[in-house]
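Understanding the architecture of this molecule
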Amino acid sequence: MMRVKLLLSVAILFALSTEIYAQRRSVKNEDAEETYKSFTSLGITTNTNSGILGGAVFRQSSALGTKMFGKNAYRYLALELVNVKHPKELSTQDFVTGARLVYGKQNYLFVLRPEYGREIALFSRQDDEGISISGIVAAGPSLGFEKPYMVQYQGSDGRVTTQPFDPNRAGDIIGAGSFFQGFGKSKVVPGLHIKTAMSFELSAFRDNVTGVEVGFIAEAFSRKITIMADAQNKAFFTSGYLTLYFGSKKR
């Protein structure tokens, strides 16, 4: 809930800045706008289905030779790798051993999202002042990686083994296994996604890119993804997200 409120607050803040900036731009000379051939950046992202750090993003925009709705248009390419969590995930800690465990968690869900779309420059920077504001629409396949959540079981003989979580054997758990265990047992679940976003470039230097992308993603997989054993799992996900990115431009 806190992440939802944060994303909504940021979206409202930038919407207000857009209006203010549009009023300032109305008295400027359009010919002074910056024009670039490409923008390349890396970013870190958070979303309403993740923790504070949701994943990483590579994004690139290349100028097209035509305009859309009278505005400069760009080909938008991106590659995202994010972790999707279930809202009922709750991490607990054993006060005796100090071991942490997300009780009932059966799988991690990591999603690789190649994206293709269009970015339209709604307002461009003039000289070295102001901000650039653009709208983005993109879509692409989603590759979901359902990785088993590994836990430590203690047998009747006292031996401890690390295995995927089994909801029928929950009483023998003494802690979580290593995050890096279980990747070889991952299952790939294909899907599709679409996103809409607003990008706000805040660079202080003309050839650098520093900005924020705020948007909404809808995603559907070919089957339900089992994240929690005793909770409602689903095949369709929606989320709001915020990405902070850094990079460079080419004229």
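Structural notes, computed from the coordinates.

Cut-off values and rules
- The residue count restarts for each chain, going from 1 along the sequence in the order it is written.
- In keeping with the model being predicted, local features are shown solely for residues with a pLDDT of at least 70 and side-chain atom pairs are shown and tallied solely at 80 or more, while totals for entire chains, interfaces and linings include all residues.
- As a rule here, side-chain values come from all non-hydrogen atoms in the structure, and water together with hydrogens is ignored.
- Secondary structure elements are taken from DSSP: a helix is a run of H or I of four residues or more, a strand is a run of E of two residues or more, and numbering for both begins at the N terminus.
- Nitrogen and oxygen atoms within 3.5 Å of one another constitute a polar contact, given that in protein one can donate a hydrogen and the other can accept it, and given that sequence-neighbouring residues count only through two side-chain atoms.
- Whether two strands pair comes down to DSSP finding at least two bridges between them.
- Think of each axis as a best-fit line through the C-alpha atoms, taken over the contacting stretch in the case of a helix, with angles from 0 to 180 degrees between the N-to-C directions.
- Whether a residue is buried, partly exposed or exposed follows from its accessible area with a 1.4 Å probe, protein chains only, as a fraction of its type maximum: under 20%, in between, or over 50%, in that order.
- Pairs of residues are marked as contacts when any of their non-hydrogen atoms sit within 4.5 Å.
- Salt bridge, as used here: a side-chain nitrogen of Lys or Arg that lies within 4 Å of a carboxyl oxygen of Asp or Glu.

It is worth spelling out the environment of Asp 166 at this point. Considering the arrangement of structural elements, one finds Asp 166 in the loop between β9 (160–164) and β10 (173–176). Here Asn 168 takes part through its backbone nitrogen, which lies 3.0 Å from a polar atom of the side chain of Asp 166.

Turning next to the sheet that holds strand β13 (residues 234–250). Strands sit in the order β1-β2-β3-β6-β7-β11-β12-β13 around a closed barrel of eight strands; the barrel is antiparallel. Pairwise comparison of adjacent strand axes, ignoring direction, gives a mean angle of 25° for this sheet. Where strand β11 (residues 187–201) lies against strand β12 (residues 208–225), 11 bridges are found, and the strand directions are antiparallel. Residue His 193 lies in a different strand from β12, and its bridge partner there is Glu 219.

This part takes up the environment of Phe 216. You can see Phe 216 is positioned in strand β12. Looking at Phe 216, the relative accessible area reads 42%, which means it is partly exposed. Along the primary structure Phe 216 and Met 198 are separated by 18 residues, whereas in three dimensions their C-alpha atoms are 9.5 Å apart.

Another point: the environment of Pro 141. Here Pro 141 shows up in strand β7 (residues 132–148). Of the residues examined, Pro 141 reaches a relative accessible area of 39% and is grouped as partly exposed. Between the alpha carbons of Pro 141 and Glu 219 there is a distance of 9.2 Å; along the sequence they are 78 residues apart. Pro 141 has contacts with Leu 112, Arg 113, Pro 114, Gly 191, Leu 192 and His 193, leaving out every residue within four places of it along the chain.

Evaluation of the coordinates by the stated rule reveals nine salt bridges. For Arg 59, the salt bridge identified is with Glu 213, shortest N-O distance 2.8 Å. Of this pair, Arg 59 sits in strand β2 (residues 55–68) while Glu 213 is found in strand β12, placing the two residues 154 residues apart along the sequence. By the burial criterion, Arg 59 is buried, and Glu 213 matches it. A single network of salt bridges, built from pairs that share partners, joins Arg 59, Glu 80, Arg 113, Glu 115, Lys 195, Glu 213 and Glu 219.

Any functional reading would require information that these geometric values do not contain.
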